[in-house]
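# Chain and residue survey
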Amino acid sequence: LHGTGSSPFVFRRLSRALETHGIGLIAPAYGRRATAGIDASSHEVAAFLDSLAAEQIDVVGHSYGALIGLRAVQLSSIAPRGGTVVGLGASWRGTRGVARLFPPRLVRAVAGDAFVELERFREEPVAPSNTDIVSIVSDTDRIVPEWSSRWGDVIEVSGVSHAALPLRTNEILAALGVSPSENS
């Protein structure tokens, strides 16, 4: 699941890598380019997950997409088929960005509900039963603070910007328990 203001195309490289292992990837667009609020986006993605017939469903989310993916797994009926939720620079506990410097009404109008809600969100994440949590974090992520992005099993990468985390195919494959191929 892509982050705020992004699109599913951010996972093209991962899709190709998974395909070499016979694993399909579905990267839905959701929540008005992930600018809709946390509850609206989570329910939308949960309904999508419930529509899937796969034996096992893993969720990979970048930034806001990780939080939405986690909450969608909690809301959906896929927990018995759940595998791993992977967060790439995940905003598991919200953010503390520039949106807090402006009136919430202005931020909602310009950027969407997600930015206002992420500034206020401070819930401690809870893993659904039968679900492993892996966080891939970078020491140079300047978008999502470390106190929010570190949870579960942590894979650290160095010198990778927040925006480039979805391109870390080998680390994502490792988080999913898939051995990277020479072409990944």
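Before reading on, note that the structure itself is shown above.
Let us look at the structure shown here.

Cut-offs and rules
Residues numbered from 1 in each chain as written. Predicted model: local features only at pLDDT ≥ 70, side-chain atom pairs only at ≥ 80, totals over all residues. Heavy atoms only, no water. Core = buried A, V, L, I, M, F, W, Y, C linked by side-chain atoms within 4.5 Å. Buried < 20%, exposed > 50% of the residue type's maximum accessible area, 1.4 Å probe, protein only. Helix = DSSP H or I, 4+ residues; strand = E, 2+ residues; numbered from the N terminus. Contact = heavy atoms within 4.5 Å. Pairing = 2+ DSSP bridges. Right-handed = clockwise from strand over helix to strand, strands pointing away. Salt bridge = Lys/Arg side-chain N within 4 Å of Asp/Glu carboxyl O. Phe/Tyr/Trp six-rings, centres within 6.5 Å; stacked < 30°, edge-to-face > 60°. Patch = residues over 30% accessible without salt bridge, like charges linked within 9 Å, V, L, I, M, F, W, Y side chains within 5 Å. Areas by Shrake-Rupley, 256 points an atom, 1.4 Å probe, with all protein chains shown as cover.

## Topic: the nonpolar core
Within the largest apolar cluster, 26 residues are counted, with the highest numbers of intra-cluster contacts made by Y30, V45, L49, Y64, I68 and W92. Contributions of two or more residues to this core are made by α3 (38–50), β1 (57–62), α4 (64–75) and α6 (113–120). Counting residues per element, this core draws most heavily on α4, at seven residues. Once residues lying within four places of it in the same chain are set aside, the contact partners of Y30 are L1, H2, S41, E44, V45, Y64, G65 and I68. The next biggest cluster of nonpolar side chains, apart from the first, holds 18 residues, and it includes F11, V157, V160 and I172.

## Topic: the pairing of β1
Burial of β1 is extensive: five of the six residues sit out of reach of the surface. Here β1 runs beside strand β2 (residues 82–88); their pairing, made up of five bridges, is parallel. When the sheet's bridge partners are listed, I57 is paired in β2 with G82. Taken together, β1, α4 and β2 form a β-α-β motif whose crossover is right-handed.

## Let's talk about the pattern of salt bridges
Throughout the structure, instances matching the rule amount to seven salt bridges. E124 serves as the salt-bridge partner of R93, at 2.9 Å between the closest nitrogen and oxygen. Here E124 lies in the loop between α6 and β3 (132–138) and R93 lies in the loop between β2 and α5 (104–110), a separation of 31 residues in the sequence. A residue is classified by how much of its surface remains accessible, and R93, at 11% relative accessible area, is buried. The class for E124 is exposed, based on a relative accessible area of 53%. When the shortest N-O distance is used, the salt bridge between E171 and R168 registers 2.8 Å. With relative accessibility at 29%, the residue R168 sits in the partly exposed group. Among the ionic contacts, a cluster of salt bridges with common partners joins D39, R71 and E123.

## Things to note about the packing of aromatic side chains
A ring pair, where both rings are aromatic, is described by two values, the distance of the centres and the angle of the planes. On inspection of all chains with the given rule, the structure shows one aromatic pair. Each ring, one from W92 and one from W151, has its centre 5.1 Å from the other, and the planes form 70 degrees; the classification is edge-to-face. Of this pair, W92 sits in the loop between β2 and α5 while W151 sits in the loop between α7 (146–149) and β4 (153–157), and the two are 59 residues apart along the sequence. When sorted by exposure, W92 lands in the same class as W151, which is buried.

## Section: a nonpolar patch on the surface
Together, V98, L101, F102, L106 and V110 make up an exposed nonpolar region whose accessible area comes to about 540 Å². Looking at the secondary structure, you find F102 in the loop between β2 and α5.

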